[in-house]
Protein chains: 4
Amino acid sequence: MRSQPDTLDPSPWMPFETRKRARDEKRVALLRTAVRLFLEEGYHRTPLSKVAERLNITKMALYNYFGSKEEILAELFRLGSEQYEAGFTAAESMKGDGLTKLRQLIRAYVAIVTDDFGMCFARIDDRELSDEARIAVRRAKRCYDSTFRALIRAGIADGSIRPCDPKLAAFVIIGALNGIADWYRADGALSPDILGTEFALRLTEGYAMQRPEQP
Amino acid sequence: MRSQPDTLDPSPWMPFETRKRARDEKRVALLRTAVRLFLEEGYHRTPLSKVAERLNITKMALYNYFGSKEEILAELFRLGSEQYEAGFTAAESMKGDGLTKLRQLIRAYVAIVTDDFGMCFARIDDRELSDEARIAVRRAKRCYDSTFRALIRAGIADGSIRPCDPKLAAFVIIGALNGIADWYRADGALSPDILGTEFALRLTEGYAMQRPEQP
Amino acid sequence: MRSQPDTLDPSPWMPFETRKRARDEKRVALLRTAVRLFLEEGYHRTPLSKVAERLNITKMALYNYFGSKEEILAELFRLGSEQYEAGFTAAESMKGDGLTKLRQLIRAYVAIVTDDFGMCFARIDDRELSDEARIAVRRAKRCYDSTFRALIRAGIADGSIRPCDPKLAAFVIIGALNGIADWYRADGALSPDILGTEFALRLTEGYAMQRPEQP
Amino acid sequence: MRSQPDTLDPSPWMPFETRKRARDEKRVALLRTAVRLFLEEGYHRTPLSKVAERLNITKMALYNYFGSKEEILAELFRLGSEQYEAGFTAAESMKGDGLTKLRQLIRAYVAIVTDDFGMCFARIDDRELSDEARIAVRRAKRCYDSTFRALIRAGIADGSIRPCDPKLAAFVIIGALNGIADWYRADGALSPDILGTEFALRLTEGYAMQRPEQP
DNA sequence: CATGAATGAGGGTTCATTCAT
DNA sequence: GATGAATGAACCCTCATTCAT
């Protein structure tokens, strides 16, 4: 199709780059399609043929990008994990007391869990994964728990959060946040932003030392 | 074999009753085994042969009690539903203001969601069900949501709960409660009772008009 | 149910006879039900449970009367065969020339093939049978063919039937007669008698030396 | 592999065509094998594994060509139906009086019913089919009946056929013709052509206004 | 005789995956 | 890279039949 190399780019490696980029784009498209279908229909009820069909390619073409269905899922979890890492890092590195950081983390979490990859990480059964991948996912999940607990503890320590059981408080918050994935609709009225702000407020007001001013 | 009717035998139907009871017991054992495996391994990764194996019978014996795998799952959802109905009815019929009832409902919900059947209802993907069964489950789930919202609204009306968005508050509470199913272990330190009390307190303190006294 | 032996019959064997008769009646009822279902639904699509259901007994009770499903079918073929034997014997033993006998045979055949057992013999696939039974059935079928051919030959010999290929003529006649089973309905307008008379006439008029008078 | 386009190669689509043709040939081979086995052994007694075995492929390879066993059967009926349509259309469009056409139709019918697909249509139980396919088959069968009756009526009208009940006459003829499928052997002495001629004569001589000259 | 329970054989179908162009 | 074909592993389910009472 590309009969001539782009004349503005003299480099002979460009075609390679271009090709590689095209390949990466296809790979991403594949992952986006897969994650949507896995979320919409469930991992087991989504044959690879349906993924391919939605991409207008053949089932076998998928194997140029991934070695197995499980590998696709593992990659989705990895991408989800990346979302978490980014959001969590940002929230943790914020300035402010424990409560402020916690609220920021909640906002970040809402953004993550309303994103396809983040939602996949939160909702798809990780028992589908190979042992290795599953262990990594479990470790990551525990890590995210720990972050919540750490911020809560920090908040208690700095006086911004009322004394409470950090473990239980974290469970409550994370549970409520994960619950969003059960009913969130991208085409609904509640945007991730609004939800994030709302949940950041509501999920912490019970724990905050000072009640936020009521509207 | 029993050539003469034993006059002390209170009823000739006894054998029938006995056999029927045995059948029911087996049926229940089947359901208990199935729900455990479905929760432990996932519905799709649990062939009926494994269920049978754990019961020390052949796979085909299962078909004496259920017509299909999906029918087993549907029955599990039904039993889960029953748990909900019972707990919800009890909580709603309690005396007290909205907040009190809400707390009771939370305690009931924790008991339900830590029970195998209740947990199945909360966690297993209802898309596995036939259309008919799935519709019933969805309706039930919406009903449970409504109950939460109604109690919250009632609490706001009677002044026991601070003004808030009942829908969002219900999502927070239900999400946190469903989250329990993700980490609850029957052999763990936290009993459903303790969890119920704790969650009833923590999940409502942000909404309560008067803060509960801190320990 | 029968608390006392029939007082009019002093014989102690009568109960046995009675019981035996009851048994035979049940057996016949079973066969009648089976043949109806086999004809209506097809042998393979008729599980024994359906036969039992229509008889208001359990599937297992059937095994008190027959050792296997195939044995039931074999018995149905045997009963069908009896119908044939009777009808054929009567027709053959009639007085008259070949054509007259042939017409009588056709009438008899129509009666047979509109009877459940006769229809079963004609229509149900005899490959379902055990080797032994199937061989017997095949032999019988050949025998019936032979009878037709013999009568045709006799008719040709005695001048009542025009010279023709007896084999082919027999195929035509038998084929047309068996075809009745494909569309005959017991509750339809055409009774076996009428059909018999009509077919006896139409199927032979091409072969008759003298045309039957037209109405 | 072919590094340079062979300029003599008439078309780059040839490989595609070739592959498509190969696929079609395999598909047809599959159908031929299936119809033979279904006729020889019966539909229910022919597992797909046997069809595959005779084709020297695995059972699963069949699913590249058909979605289910029933779909194979439906296709066989469709092919059978095509045979009928072709033969019937040709016979109907012939010049000549009703009797001539009827005789031609009989010849066509014999050709059809001695062909594997036509025989399948005539003999295999259409209750195996899905509702949709079965309804289509039943409609086609009624249509073929009608054609016979119409020709007979036409023959009566134009004086080539003696007055008779067209419905009954059609039943006789069709029954006799379908009966051929019960005993016809492709390796036998009687070719479809001979049979067709013979049956066209014998099945109509009873109805013809003028008797065919006897040999 | 009759019943409920259990079993084993067998077949259709799905689907991920490998093979050969 | 991409494709069609083929394969093998499972799994659900039907149904005749045997077992134990």
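Structure report, in brief. These figures come from a predicted structure and were not determined experimentally.

## Some details on the overall build of chain A
Next, step 1: Secondary structure assignment for chain A yields eight helices and zero strands.
Next, step 2: In sequence order, the secondary structure elements of chain A are arranged as α-α-α-α-α-α-α-α.
Next, step 3: Counting over 215 residues, chain A shows a buried share of 46%.
Next, step 4: Here the analysis covers contacts within chain A between residues at least 6 apart in sequence; of these, 66% occur between residues at least 24 apart.

## Digging into helix 4 (residues 98-113) of chain C
Residue and element names in this part refer to chain C.
Next, step 1: The end-to-end C-alpha separation of helix 4 is 22 Å, in line with the 22 Å expected for 16 residues at 1.5 Å each.
Next, step 2: For helix 4, the tally of buried residues reaches twelve of 16 residues, placing the bulk of the element in the interior.
Next, step 3: Among the residues making up helix 4, those that are buried are G98, L99, K101, L102, R103, L105, I106, A108, Y109, V110, I112 and V113.
Next, step 4: Contact partners of the buried residues in helix 4: helix 3 (69-92), helix 5 (116-123), helix 6 (131-158), helix 7 (166-183) and helix 8 (192-205).

## Thoughts on the protein's contact with DNA strand E
Next, step 1: Close to DNA strand E lie 31 residues; M60 of chain A, R23 and Y65 of chain B, T58 of chain C together with M60 of chain D are nearest.
Next, step 2: The share of sugar and phosphate among atoms of DNA strand E within 4 Å of the protein is 60%.
Next, step 3: In the model, a phosphate oxygen of DNA strand E is placed 3.3 Å from a nitrogen or oxygen of the R23 of chain C side chain.
Next, step 4: Elements with a contribution of two residues or more to the surface near DNA strand E: helix 1 (14-41) of chain B together with helix 1 (13-41) of chain C.
Next, step 5: For the surface near DNA strand E, the leading source of residues is helix 1 of chain B, giving three residues.

## Examining the interface of chain D and chain C
Next, step 1: Every contact between the two is made by 29 residues of chain D and, on the other side, 29 residues of chain C.
Next, step 2: Here chain D meets chain C over a buried area of about 2700 Å², counting both sides, of which 54% is carbon and sulfur.
Next, step 3: Contributing elements (two or more residues each) for the side of chain D that touches chain C: helix 1 (14-41), helix 7 (166-183) and helix 8 (192-205) of chain D.
Next, step 4: Among the elements that make up the side of chain D that touches chain C, the one with the highest residue count is helix 7 of chain D (seven residues).

## Some words on the relation of the copies chain B and chain A
Next, step 1: For the pair chain B and chain A, the relating rotation is 179 degrees, the translation along its axis is 0.1 Å, and the fit reaches an RMSD of 0.1 Å. The transformation relating the two chain copies, once decomposed into turn and shift, fits a two-fold axis.
Next, step 2: Same-surface contact between copies: 100% of interface residues of chain B are shared with the interface of chain A.

## Re the pattern of salt bridges
Next, step 1: Enumeration according to the criterion identifies 68 salt bridges over all chains in this entry.
Next, step 2: Between R123 of chain C and D182 of chain C there is a salt bridge; the shortest N-O distance is 3.6 Å. Of this pair, R123 of chain C sits in helix 5 while D182 of chain C sits in helix 7, and the two are 59 residues apart along the sequence.
Next, step 3: Using a relative accessible area of 45% as the deciding quantity, one classes D182 of chain C as partly exposed.
Next, step 4: Between R78 of chain D and E75 of chain D there is a salt bridge, with the nearest N and O atoms lying 2.9 Å from each other. On the criterion of helical spacing, the pair formed by R78 of chain D and E75 of chain D is a turn pair, its members being three residues apart in helix 3 (residues 69-92).
Next, step 5: A relative accessible area of 40% means that R78 of chain D is categorised as partly exposed.

## A short note on the protein's contact with DNA strand F
Next, step 1: In the vicinity of DNA strand F, 32 residues are found, and the nearest of them are Y65 of chain A, M60 of chain B, M60 of chain C together with R23 and Y65 of chain D.
Next, step 2: Among the atoms of DNA strand F lying within 4 Å of the protein, the sugar-phosphate backbone contributes 59%.
Next, step 3: K59 of chain B places a polar side-chain atom, nitrogen or oxygen, 3.2 Å from a base nitrogen of DNA strand F.
Next, step 4: Between DNA strand F and Y65 of chain D, the relevant distance is 2.7 Å, taken from a phosphate oxygen to a side-chain nitrogen or oxygen of the residue.
Next, step 5: Listed by contribution, the elements that provide at least two residues to the surface near DNA strand F are helix 1 (13-41) of chain A together with helix 1 of chain D.
Next, step 6: Looking at the surface near DNA strand F element by element, the count peaks at three residues for helix 1 of chain D.
Next, step 7: Looking at the surface near DNA strand F residue by residue, the classes come out as 15 nonpolar, eight polar and nine charged.

## Some words on the interface of chain B and chain A
Next, step 1: With 29 residues of chain B in contact, the opposing surface of chain A contributes 29 residues.
Next, step 2: Our count for the contact surface shared by chain B and chain A stands at six salt bridges.
Next, step 3: Across the pair R162 of chain A and E205 of chain B runs a salt bridge whose closest N-O atoms are separated by 4.0 Å.
Next, step 4: In this assembly, chain B and chain A are joined by eight residue pairs in polar contact (both at pLDDT 80 or more).
Next, step 5: Taken together, the elements giving at least two residues each to the side of chain B that touches chain A come down to helix 1, helix 7 (166-183) and helix 8 (192-205) of chain B.
Next, step 6: Per element, the largest residue contribution to the side of chain B that touches chain A is seven residues, and it comes from helix 7 of chain B.

Parameters and conventions
- Along each chain, residue indices are assigned from 1 in the same order as the chain's sequence is written.
- Written order determines the labels here, with chains lettered from A and ligands numbered from 1.
- Local features in this predicted model are restricted to residues whose pLDDT is 70 or higher, and side-chain atom pairs enter the listing and the counts only when it is 80 or higher, whereas totals over whole chains, interfaces and linings include all residues.
- Here the side-chain values reflect all heavy atoms present in the structure, with hydrogen atoms and water set aside.
- Put simply, DSSP marks the helices as runs of H or I at least four residues long and the strands as runs of E at least two long, and each gets a number from the N terminus on.
- Throughout this description, buried means an accessible area under 20% of the type-specific maximum (1.4 Å probe, protein chains only), exposed means over 50%, and partly exposed covers the range between.
- Throughout, a residue-residue contact means that at least one pair of heavy atoms, one from each residue, lies within 4.5 Å.
- Helices are assigned an expected span. That span is 1.5 Å times one less than the residue count.
- If even one non-hydrogen atom of a residue comes within 4 Å of a molecule or strand, that residue is called near it.
- Nitrogen and oxygen atoms within 3.5 Å of one another constitute a polar contact, given that in protein one can donate a hydrogen and the other can accept it, and given that sequence-neighbouring residues count only through two side-chain atoms.
- Summed over both partners, the accessible surface that disappears when two parts come together, traced with a 1.4 Å probe, is what is meant by buried area.
- Fitting of the copies onto one another was done by least squares over C-alpha atoms, counting residues only where both copies have pLDDT of at least 70.
- Here, a salt bridge means any side-chain nitrogen of Lys or Arg that lies within 4 Å of a carboxyl oxygen of Asp or Glu.
- Only Asp, Glu, Lys and Arg are considered charged, only Ala, Val, Leu, Ile, Met, Phe, Trp, Tyr, Cys and Pro nonpolar, and every remaining residue, Gly among them, polar.

Without other data, these values stay purely geometric and don't point to any function.
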